[in-house]
Amino acid sequence: MKDIYELLNDVNLDDNEFEEMAVTEFEKAKVKSRLKQSITKKKKRMGWKMNVAAAAVVVGLSTATVGLTFPAYAGNIPIIGDIFRFLDNEKTGLYDNYKEYSTEMNLTQESNGIEITINDAVFDGETVALTYSIESDRDLGGDLTSFNTPSIKGATGAAGSSYISKIDDHHYVGLDKITPFGLTSDSADIKWKIGSILQTSTGEKIKGNWKFAFSLPATDSQIQLTNQSVEQNGVTVNIKKVAFTPMSFIVHYNQQATQQVREKWHEAYIELEIKDDIGNVYSGEGNGGSGTDAYTVNWSKTFEKLDPNATKLIVTPHVTFRIHDASNSGGVEITSDGKEKEIPIPVKTGVGQEKFVMDDIVIELEK
Amino acid sequence: MKSNEENFIKRLQRQKEDALEFVVDTYLPIIKGITYKVLIPLKDQGIVDECINDIFLSIWNNSKKFKGDSTDFRKWICTIAKFKAIDYHRKASKEVEFPSDYMDRNTDVSAEDELILLEDRTELIKLINQLEPIERDIFIMKFFLGYKTEQISKKLGLTNTSVDNRVYRGKKKLYQKVTTLELGESRA
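Owing to the predicted nature of the structure, the values given are computational and were not obtained by experimental measurement.

Caption draft 1: Local environment of the overall build of chain A. Of the regular secondary structure elements, chain A holds six helices and 21 strands. Within the span of chain A, comprising 367 residues, buried residues form 43% of the whole. Restricting to contacts in chain A with at least 6 residues of sequence separation, those with at least 24 account for 66%. Roughly 18700 Å² of accessible area belongs to chain A as shown, and the carbon and sulfur atoms make up 50% of that amount.

Structure (structure tokens):
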């Protein structure tokens, strides 16, 4: 026996008699999110054993996929509300609390049929993180890149990263992080002038003129001076201070190396691993650093929100010594007459790379 | 892996959610068109939204029953949309107290419509299954999809009289079968 859906399969209708109606991206997103809920509810009605498994999976998945698959756009639509988490893709958890402490900007600039909206921005005292969305009246194709990074008044230099993710042909969201160096004030005055967006796959430049200017006060932070060091194999790592913000903590540290290390290796690279005394492992992202050479550098790294129950931070530095060769390093110098001159890699005695783990630095947290 | 024009039907039948999204992205304009046309006189956006949700949910839950390629798929979901929209219209117009200018529309609800509303759906479908294929199509078009006799005759290349005759004969058959069924009994 056929049921109604099979019967309807047999009725060969002429689908041209039906008219299509215009649908906005928002409507699509709405229909999808509602459907998703209905499906979830349905799944939960399975047998009790399945029920537990399904519910667990569904919960796990839905937080991860809602952002991904049901994005909505610009600040006024709640579904993608948290671009920080969306772009982090629930991977590190570093940005889980950013939205909460960020300032909703909703600054929109329109140029050449493309609207760029700065959705949220936050300055933790070290790094400015801002999220934005791009909405266009036409299909912009694959991935986009913006070249101009925001500039911060009073900074002598900056490190940063920029990432734009495609939602669909007309919508993109992005996250820019800028760590200014030498900034003395506790607010960041940001100017962002975007002259063009690059379509990465085709190399096509989309010209426009988008300009933003705004000021962000630093979030409250509590700074704990530590000055604890560890020295091993000719490398010294010193944790200078840790700044605790409501959504993260930032570890400021520097590294030094002895003459022997300098003679043997081109580079000493430090990666910090941080745990606390109650078993949490914190994931973080480096903010870049500056220094006099490849061995003496001041770094900072931002980690996810501190567990309020933690009383100690356990920092384990991982050191990598590296030798540079043509495959991992190199550069050219352009001389005043316009010719390219290869910069020679100085000869060192080390071979390949060498790794080791330093002793833990235990920081007693001040409460 | 993502759904595309080539693989979305298979993925939908395997209950991959991205296939459902693909279907929404691709077919929402036509589904919306169909639903609005039928339900707009009700002036109730909530019912329209609910109906659209129900249509996609039915597509999702019954995807395995679909057979054919993407051209057939479009036809199939259009048919489902029409069927659902008509169904919602019937139910809503039964419940709603009509303002006076809708009174004559209300008289359109025929005895057959009433039957469909009153009868248990599955029971009715069982009965329809026992009809000849051509009668079956006519019945579905007329009572599930709300087509007029003229539209049906055009589609099936029959005369109006022949369609009406088949409806008449079919109804007779159904009534006989209904009356021979005991209370609670059903025919597989």
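On we go.
Caption draft 2: Summary view of the pattern of salt bridges. Summed over the entire model, instances satisfying the criterion amount to 18 salt bridges over all chains. For the salt bridge of B:Glu17 with A:Lys36, the shortest nitrogen-to-oxygen distance reads 2.6 Å. Taken as a pair, B:Glu17 in helix 2 (residues 17–39) and A:Lys36 in helix 2 (residues 25–43) lie in two separate chains rather than in one. Here A:Lys177 ties to A:Glu285 by a salt bridge, and the two come within 2.7 Å at their closest N and O atoms.

Caption draft 3: How the structure looks around the packing of helix 2 of chain B against helix 3 (residues 45–61) of chain B. Residue and element names in this part refer to chain B. Running from amino to carboxyl end, helix 2 crosses helix 3 at an angle of 135 degrees, the nearest separation of the two axes being 9 Å. Viewed along their axes, helix 2 and helix 3 adopt a mutual orientation that is oblique. By crossing handedness, the relation of helix 2 to helix 3 is classed as right-handed. Contact with helix 2, carried on its side by Glu17, Leu20, Val23, Val24, Leu28, Ile31, Lys32, Thr35, Tyr36 and Leu39, involves Gln45, Ile47, Val48, Cys51, Ile52, Ile55, Phe56 and Trp60 of helix 3 and no other residues of that element. Residue classes in the contact of helix 2 with helix 3 are distributed as 14 nonpolar, two polar and two charged.

Caption draft 4: Spotlight on helix 3 of chain B. Residues and elements named next belong to chain B. For helix 3, with 17 residues, the first-to-last C-alpha span of 24 Å sits near the 24 Å given by 1.5 Å per residue. Among the residues of helix 3, Ile47, Val48, Cys51, Ile52, Asn53, Ile55, Phe56, Leu57, Ser58, Ile59 and Trp60 are the ones counted as buried. At the N-terminal end of helix 3, a side-chain oxygen is found 2.9 Å from the backbone nitrogen of glycine 46, two or three residues along, and the residue is aspartate 44.

Caption draft 5: Inspection of the interface of chain B and chain A at higher detail. Taken together, the 47 residues of chain B in the interface contact 35 residues of chain A. The interface formed by chain B and chain A contains 16 residue pairs in polar contact (both at pLDDT 80 or more). Among the elements that line the side of chain B that touches chain A, the one with the most residues is helix 2 of chain B, at 13 residues. Of the residues that constitute the side of chain B that touches chain A, the class distribution is 23 nonpolar, seven polar and 17 charged.

Caption draft 6: Structural view of the sheet that holds strand 1 (residues 103–111) of chain A. All names here are of chain A. The five strands are arranged 1-2-3-7-6 in an open sheet whose pairing can be described as antiparallel. Of all strands in the sheet, those bounded by a partner on one side alone are strand 1 and strand 6 (157–168). Across the sheet, the mean angle from the axis of one strand to that of its neighbour is 20 degrees, orientation sign disregarded. Pairing analysis gives nine bridges linking strand 2 (residues 114–123) to strand 3 (residues 128–136), with the strands arranged antiparallel. Paired with glutamate 115 across the two strands is glutamate 135, which belongs to strand 3.

Caption draft 7: Quick peek at the pairing of strand 7 (residues 171–181) of chain A. All names here are of chain A. For strand 7, a buried count of 11 out of 11 residues is recorded, marking the element as mostly surrounded by other parts of the structure. Residues of strand 7 alternate between two faces, with His171, Val173, Leu175, Lys177, Thr179 and Phe181 on one and Tyr172, Gly174, Asp176, Ile178 and Pro180 on the opposite face, all of them buried. Here strand 3 pairs with strand 7 via eight bridges, running antiparallel. Within strand 7, the position partnered with glutamate 135 by the bridge is histidine 171.

The rules behind the values
Residues numbered from 1 in each chain as written. Chains lettered and ligands numbered in written order. Predicted model: local features only at pLDDT ≥ 70, side-chain atom pairs only at ≥ 80, totals over all residues. Heavy atoms only, no water. Helix = DSSP H or I, 4+ residues; strand = E, 2+ residues; numbered from the N terminus. Buried < 20%, exposed > 50% of the residue type's maximum accessible area, 1.4 Å probe, protein only. Contact = heavy atoms within 4.5 Å. Areas by Shrake-Rupley, 256 points an atom, 1.4 Å probe, with all protein chains shown as cover. Salt bridge = Lys/Arg side-chain N within 4 Å of Asp/Glu carboxyl O. Axes fitted to C-alpha atoms, helices over the stretch in contact; angles between N-to-C directions. Parallel < 35°, antiparallel > 145°, perpendicular 65-115°, else oblique. Left-handed = near helix turned anticlockwise from the far one by under 90°. Nonpolar A, V, L, I, M, F, W, Y, C, P; charged D, E, K, R; others polar. Expected span 1.5 Å × (residues − 1). Polar contact = N/O pair within 3.5 Å; in protein donor to acceptor, adjacent residues only side chain to side chain. Pairing = 2+ DSSP bridges.

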